Amino acid sequence: YDETLIQEQLARNIAFLGEDGVARVRRAFVIVVGAGSVGSWAALMLLRSGVQHLRLIDPARLTRRTMANHAVAELEDIGLSKVDVLQKHFREIAPFTKVECFTERLAPGTMNRLLDEKGHPVYVVDTVSNLDDKLELAQYCHANNIKVISCMSPGAKADPTRIQIADVSDTLEDPLARAYRRRLKMLKIDRGIPVAFSMEKPLAAESRDFFFTDDIPEGIKNGFIDNFRTRHLPSLGPIGSMFGMAIATHILLHLAEFAALPAQPIRIKDNFYNRVVHESIPAYSYTCRNQYSTYPFTVHDAIYIIEEIWHGKSVISGPQDRLTLARWDRTKPLSYLNAVCMNRDEARAHDK
């Protein structure tokens, strides 16, 4: 292929990452495990950004239901394997890229052949939804010194501003991340795996209708079958795509060794909430004249009230840096139902 045409196609990335950075991206070999609502978008953006060797692994076939969240699928692709659909469309987007497809399930017996044969990948993107599969993949990559980035569930999430990429040890709120983190510790892996997750608390299910299973016969919808994939939480299409694009961006910046400001660690946010609680204790004791014995909130309570109930904003003046929690009804003690978010000056004026 004409190198000048490839350079023109990647011109905007070259302007952003520099020629050396894009050259490192082009030499990279990346494996994407899972080609659904997250994996297809991650693979597409890696391809468009210049990665010239991709391996896609997914045993599933495209259905009309899953087509809605897929990055490139069309109606005529229904019934084909998801990875073959990606390969077909990728040929039209970047014909100079090597795209390998494997339509089989990643399992302990196949990992060496699928992940490490014919080249050592610089990154593995884990977008599988089954926790046991995620753990086996993380354990293999850790033992073989392969960088892996894992996607937590985009299911039951609706706020794109809460999507984060952080070390697995720094995750919070996401139930799958919590289980993943605990099980990894049992495998003696407590950090070093970046994960894409959402700090949004999963939307509550109002009824069993909120949950559904994929392609399970009517007679066994309330049961379980070994090795039969089920989905329990519906996902909003744009949210899955944003998870995929966040993962692709993370990989590209690391491959290009791009010198950008690092993301704010989650622990710094923990320190902020520790400070909120620490500074609120004497103020609460003083304004209540020791009427109530103890400050009722932990750090996690403060995180939930400020982030989930008040969305990090003062009820009076909107977004603020110096937030604290104050009683709305000053005749009653602090509680979940009697706590509002204000800046410190507003809280002092309110308590007078």
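For the structure itself, look to the data block above.
Parameters and conventions
- Residues numbered from 1 in each chain as written.
- Predicted model: local features only at pLDDT ≥ 70, side-chain atom pairs only at ≥ 80, totals over all residues.
- Heavy atoms only, no water.
- Helix = DSSP H or I, 4+ residues; strand = E, 2+ residues; numbered from the N terminus.
- Polar contact = N/O pair within 3.5 Å; in protein donor to acceptor, adjacent residues only side chain to side chain.
- Buried < 20%, exposed > 50% of the residue type's maximum accessible area, 1.4 Å probe, protein only.
- Pairing = 2+ DSSP bridges.
- Axes fitted to C-alpha atoms, helices over the stretch in contact; angles between N-to-C directions.
- Salt bridge = Lys/Arg side-chain N within 4 Å of Asp/Glu carboxyl O.
- Contact = heavy atoms within 4.5 Å.
- Parallel < 35°, antiparallel > 145°, perpendicular 65-115°, else oblique.
- Left-handed = near helix turned anticlockwise from the far one by under 90°.
- Nonpolar A, V, L, I, M, F, W, Y, C, P; charged D, E, K, R; others polar.

A. Region of the structure containing the side chain of Asn343. Locating Asn343 in the fold gives a position in strand E11 (residues 339-343). At 2.8 Å, the side chain of Asn343 forms a polar contact with the backbone nitrogen of Glu346.

B. Just the pairing of strand E10 (residues 323-327), in detail. The buried count for E10 comes to five of five residues, which makes it a mostly enclosed element. Side chains Leu323, Leu325 and Arg327 of E10 all project onto a buried face; the interleaved residues Thr324 and Ala326 project onto the opposite face, where all are buried too.

C. Representation of unusual backbone geometry in the model. One non-glycine residue, Asn145, lies in positive phi territory at about 55°. The phi angle at Ala156 is positive, at roughly 60°, despite the residue not being glycine. Position of Ala156 relative to the elements: it lies in the loop between strand E5 (148-151) and strand E6 (163-167).

D. Fine view of the sheet that holds E6. A sheet is described by the order of its strands in space; here seven strands give the open sequence E3-E2-E1-E4-E5-E7-E6, paired in mixed fashion. Lying at the two open borders of the sheet, with one neighbouring strand each, are strand E3 (98-102) and E6. Direction aside, neighbouring strands of the sheet carry axes that sit 15° apart on average. Direction of pairing for E6 relative to strand E7 (residues 194-198): antiparallel, over a ladder of five bridges. Looking at the pairing, Gln164 lines up with Phe197 of E7.

E. Inspection of the pattern of salt bridges at higher detail. Applying the stated criterion across every chain, the model contains 15 salt bridges. Across the pair Glu3 and Arg26 runs a salt bridge, and its minimum N-O distance is 2.6 Å. Here Arg26 lies in helix H2 (residues 11-27) and Glu3 lies in helix H1 (residues 3-9), a separation of 23 residues in the sequence. Among the ionic pairs, Lys88 bridges to Glu76, the shortest N-O distance being 3.6 Å. You can see Lys88 sitting in helix H5 (residues 82-93) and its partner Glu76 sitting in the loop between helix H4 (64-67) and H5, a full 12 residues away along the chain. Beyond isolated ion pairs, a larger network of salt bridges with shared partners links Arg55, Lys98 and Glu100.

F. Representation of the environment of Ala73. Position of Ala73 among the secondary structure elements: in the loop between H4 and H5. You can call Ala73 buried: its relative accessible area is 17%. In the structure, Ala73 is positioned 15 residues away from Lys88 in sequence and 9.8 Å away in space, judged by C-alpha atoms. Other than its neighbours up to four places away in sequence, Ala73 contacts Leu62, Met67 and Val85.

G. Structural view of the environment of Arg275. Position of Arg275 among the secondary structure elements: in helix H10 (residues 266-287). Residues Arg275 and Val299, 24 residues apart in the sequence, show an inter-C-alpha distance of 9.0 Å.

H. Geometry of the packing of helix H3 (residues 39-48) against H5. Two numbers describe how H3 lies on H5: the axes approach to 11 Å, and their chain directions differ by 20°. The angle between H3 and H5 places the two elements in the roughly parallel class. The interaxial crossing formed by H3 with H5 has right-handed handedness. Contacts between H3 and H5 involve Ser40, Ala43, Leu44, Leu47 and Arg48 from the former and Leu86, Phe90 and Ile93 from the latter. Looking at the contact of H3 with H5, its residues break down into six nonpolar, one polar and one charged.

In short, the description is geometric, and any link to function would need to be established separately.
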